[in-house]
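Geometric and topological summary
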Amino acid sequence: MPGSGLQRFPRRYFCNSLVFVSRSFFFITIIMAKPVCQTEYKPSEISFGAGALSGAYDAIADHWPVEACREALGSGINTFDTSPYYGRSEFILGDALAQIAQEFPRSTYYLQTKIGRYGYMPKDFDYSAARTKESVAESMRRLKTDYLDTVLCHDVEFVDFEDVVGANGALSALFELKAQGTIKYVGCSGYPLPVLLKIAEHQAQKGQPLDVVLSYSHYNLQNTKLAEYAEKFRAAGVRTVFSASPLNMALFRDAGPPEWHPAHAELRAAAKQCSELAAANGLNISSLASLFAFSGRATFNLDSTVIGLERKEEVQKAVAAWKTVKAREDGTETIPANEAKVLEQIHTILAPYKDYSWQSPSPKELGQA
């Protein structure tokens, strides 16, 4: 900009933003963030899992959320996934996004939340139409928005099929809110893939297909069953498929999983062995797990991977892993021999547990343990 005293910085990848910084004593930063598509759901290939902001995995410092959200949006991540079940996640996410609203207004990202699950056990679920509508209104207040892009029925395996698809059930209420323009897309989330597929196929036969399905812990180093189901969901009219928890709910991290993780002792021990193997070879198990999960996105037609993010540094690591995968896909980078060798050994360690899915609801969630 000649004569303006402003310097133009390069556009950041994946986000059509322009940044200008004054050379004078005072400086001004202006960011013109690109709005997301409003007529079609186009989530970024990485989505921000705001469940991590609940504190269920680690204690959260006050300044982490806003820094992480700013880093995510500046790096091209345009989708945030949360839920009323995730402690104060909706409050924290809403406050963080409000603090950076001048840089990244509401039109520059998608908000995806959930309804139906409000506690740990089946008695804490409510899929009634009335509660569903109340929950959506509550989420909008917490997230400081007057509309939601996507609302999912949360952990559908915990309730009866009719509670999900029946005339006075959750989906009927969500599609009514969609017709009113309060929300844009309707879907389901859960762990057992057969349950999700049954609902998707029922809705397709009904002529009211789900827009979105989110499956968690089913495309990672230990379990890749989602690869078998992705096209089945597409055949049932589902337009957007999310794969969540590439670290298998923190199973694949140096610190190990939280105490409440449903993996059995043998799988936990195998995951710890994988972490130690990676470290002994100068690698990090979380990075390897992210690289593996991101690599499957294009192969199996998965739209986005939801990864839990707490801090700016975690966002940077996730984006770096994603960029590495893209470079390998286009042939500008190759997998280092050391990494390939370690991955082969990790797959051998995990082979006895390949595609094992734990029970959901778990015996503990059912009050049986």
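Residues numbered from 1 in each chain as written. Predicted model: local features only at pLDDT ≥ 70, side-chain atom pairs only at ≥ 80, totals over all residues. Heavy atoms only, no water.

Scanning the entire structure with this criterion turns up 13 aromatic pairs. Between Tyr219 and Phe300, the aromatic rings sit 5.7 Å apart at their centres with planes inclined by 50 degrees, giving tilted as the arrangement. Of this pair, Tyr219 sits in the loop between β9 (212-216) and α7 (226-235) while Phe300 is found in the loop between α9 (285-299) and β11 (304-308), placing the two residues 81 residues apart along the sequence. A residue is classified by how much of its surface remains accessible, and Tyr219, at 6% relative accessible area, is buried. The partly exposed category is assigned to Phe300, whose relative accessible area is 30%. Grouping aromatic residues by their ring pairs yields a cluster made of Tyr41, Tyr110, Tyr185 and Phe242. A cation over a ring is seen here: Arg131 above Tyr118, with NZ or CZ 4.4 Å from the ring centre. (Phe/Tyr/Trp six-rings, centres within 6.5 Å; stacked < 30°, edge-to-face > 60°. Helix = DSSP H or I, 4+ residues; strand = E, 2+ residues; numbered from the N terminus. Buried < 20%, exposed > 50% of the residue type's maximum accessible area, 1.4 Å probe, protein only. Lys NZ or Arg CZ within 6 Å of the ring centre and 35° of its normal.)

In a disulfide, the sulfur atoms of two cysteines are covalently bonded to one another. In the structure shown here, the tally under the stated rule is zero disulfides. Of the cysteine sulfurs around Cys153, a residue in no disulfide, the closest is that of Cys188, at 4.3 Å. (Disulfide = S-S within 2.5 Å.)

To continue, consider helix α8 (residues 265-280). Taking 1.5 Å of rise per residue, the 16 residues of α8 would be expected to cover 22 Å, and the 22 Å separating its terminal C-alpha atoms lies within 8% of that figure. Turning to α8, its buried residues are Leu267, Ala270, Ala271, Cys274, Ser275, Leu277 and Ala278. Around the axis of α8, the buried residues are gathered within 160 degrees of arc, so they sit on the same side. In α8, the exposed positions angled more than 90 degrees off the buried face are occupied by Ala265, Lys272 and Ala280. Following α8 by one or two positions, Gly282 adopts a phi angle in the positive range, close to 75 degrees. (Expected span 1.5 Å × (residues − 1). Arc of directions from axis to C-beta.)

Further remarks concern the pairing of β9. Counting buried positions over the five residues of β9 gives five, a clear majority of the element. Burial of β9 is two-sided: the residues Val212, Leu214 and Tyr216 facing one way and the residues Val213 and Ser215 facing the other way are all buried. Handedness of the crossover is the feature at issue here: the chain leaves strand β8 (residues 183-190), passes through helix α6 (residues 193-206), returns alongside β9, and the resulting connection is right-handed. Both β9 and strand β10 (residues 240-244) contribute to a ladder of five bridges, which runs parallel. Note on β10: the bridge partner recorded for Ser215 is Ser243. For the crossover from β9 across α7 to β10, the handedness is right-handed. (Right-handed = clockwise from strand over helix to strand, strands pointing away. Pairing = 2+ DSSP bridges.)

For the protein chain, per-residue confidence averages 91 on the pLDDT scale, and 91% of positions sit at 70 or higher. Low pLDDT, under 50, characterises residues 1-31; the stretch is placed with 59 contacts to residues that sit more than four places away or in other chains. (pLDDT = per-residue confidence, 0-100. Contact = heavy atoms within 4.5 Å.)

Read around the closed barrel, the eight strands follow the order β4-β5-β6-β7-β8-β9-β10-β11; overall the barrel is parallel. On average, each strand axis in the sheet is tilted by 30 degrees relative to the strand beside it, whichever way the strands run. (Axes fitted to C-alpha atoms, helices over the stretch in contact; angles between N-to-C directions.)

Quick look at the side chain of Arg253 now. Considering the arrangement of structural elements, one finds Arg253 in the loop between β10 and α8. Residues within four places of Arg253 in sequence aside, it is in contact with Tyr57, Asp58, Pro258, Ser275, Ile285 and Ser286.

Right, let's talk about the packing of α6 against α7 for a bit. Orientation of α6 relative to α7, taken along the N-to-C sense of each, is 5 degrees, at an axis distance of 11 Å. The angle between the axes of α6 and α7 places the two elements in the roughly parallel class. Contacts from Leu193, Pro194, Leu196, Leu197 and Ala200 of α6 reach α7 at Leu226, Tyr229, Lys232 and Phe233. For the contact of α6 with α7, the per-class residue count stands at eight nonpolar, no polar and one charged. (Parallel < 35°, antiparallel > 145°, perpendicular 65-115°, else oblique. Nonpolar A, V, L, I, M, F, W, Y, C, P; charged D, E, K, R; others polar.)

Scanning the entire structure with this criterion turns up 23 salt bridges. One salt bridge connects Glu45 with Lys326, and the closest N-O pair in it is separated by 3.2 Å. Here Glu45, found in the loop between β3 (30-31) and β4 (46-49), pairs with Lys326, found in helix α10 (residues 312-329); they are 281 residues apart in sequence, far enough to count as distant. Measuring nitrogen to oxygen at the nearest pair gives 3.6 Å for the salt bridge that ties Lys326 to Glu329. Here Glu329 and Lys326 lie together in helix α10, a separation of three residues that amounts to about one turn. Beyond isolated ion pairs, a larger network of salt bridges with shared partners links Glu90, Arg131, Glu134, Glu138 and Arg142. (Salt bridge = Lys/Arg side-chain N within 4 Å of Asp/Glu carboxyl O.)

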